[in-house]
Amino acid sequence: MAKKYEVIITPSAQKDLNEIKSYFTKVLKTSSNSIFEKFLEQVKILKAHPFTYSVHQDSLLKLIGYRVIPIDNYLMFYVVKGNVVQIHRVLYAKRNYMLLLGFEK
């Protein structure tokens, strides 16, 4: 039987998801269902296979163990600690995500 991992969405990631939903509905005037369906698909994958995506290549992010999943124009940053997957942030890929993660470059 395959090991199951618990997936936790941190408050920062939840805030990011709320902002994405707000952007889709208020600015783009469209539904965010498609992006959230893709997000939920990735969460399901993480519950069974959290090591599917490799550790980020940036030396600072690698040190922390950040892994990244591209979802359309967004990047989902997560770490695996024991049997827990912590989703830390979900950020627009073209933003300065290093700055938003707390690493100025």
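Notes on the structure follow.

1. Concerning the sheet that holds strand S1 (residues 6-9)
Pairing in this open sheet of 4 strands is mixed, and the strands run S1-S4-S3-S2 from one edge to the other. Only two strands of the sheet have a single neighbouring strand rather than two, namely S1 and strand S2 (67-71). For this sheet the average axis-to-axis angle between neighbouring strands, irrespective of direction, equals 30 degrees. By the bridge criterion, 5 bridges tie S2 to strand S3 (residues 74-81) in an arrangement that is antiparallel. Bridging across to S3, Ile69 finds its partner in Met76. Contacts from helix H2 (residues 33-48) reach S1, S2, S3 and strand S4 (84-92), with the element oriented near 145 degrees to S2.

2. What about the nonpolar core?
Counting residues in hydrophobic clusters, the biggest one holds 19 residues, and the most contacted among them are Phe39, Leu46, Met76, Ile87 and Val90. Elements with a contribution of two residues or more to this core: helix H1 (11-27), H2, S2, S3 and S4. If we ignore the near neighbours within four places in the chain, the residues touching Ile87 are Val7, Ile8, Ile9, Thr10, Ala13, Phe39, Val43, Leu46, Met76, Phe77 and Tyr78. Residues Val68, Leu75, Val79 and Leu91 belong to the second largest nonpolar core, which totals 10 residues.

3. So, the pairing of S3
In terms of burial, S3 is a largely internal element, 7 of the 8 residues being buried. Remark: 2 residues form the turn of the hairpin made by S2 and S3, two consecutive strands paired antiparallel; Asp72 in that turn has positive phi of roughly 50 degrees. Counted along the chain from S3 to the antiparallel partner S4, the turn is 2 residues long, and its residue Gly82 has a positive phi close to 65 degrees.

4. Quick notes on the packing of aromatic side chains
Inspection of the entire model under this criterion finds 5 aromatic pairs. Measuring from centroid to centroid gives 6.5 Å for Tyr23 and Phe24, while their planes differ by 85 degrees, and the two rings are edge-to-face. Residue class for Tyr23 comes out partly exposed when judged on its relative accessible area of 40%. Look at Phe24 and you get buried, because its relative accessible area is 15%. Arranged with centres 5.9 Å apart and planes meeting at 75 degrees, the rings of Tyr66 and Phe77 form a pair that is edge-to-face.

Reading guide: rules and limits
- Residues numbered from 1 in each chain as written.
- Predicted model: local features only at pLDDT ≥ 70, side-chain atom pairs only at ≥ 80, totals over all residues.
- Heavy atoms only, no water.
- Pairing = 2+ DSSP bridges.
- Helix = DSSP H or I, 4+ residues; strand = E, 2+ residues; numbered from the N terminus.
- Axes fitted to C-alpha atoms, helices over the stretch in contact; angles between N-to-C directions.
- Contact = heavy atoms within 4.5 Å.
- Core = buried A, V, L, I, M, F, W, Y, C linked by side-chain atoms within 4.5 Å.
- Buried < 20%, exposed > 50% of the residue type's maximum accessible area, 1.4 Å probe, protein only.
- Phe/Tyr/Trp six-rings, centres within 6.5 Å; stacked < 30°, edge-to-face > 60°.

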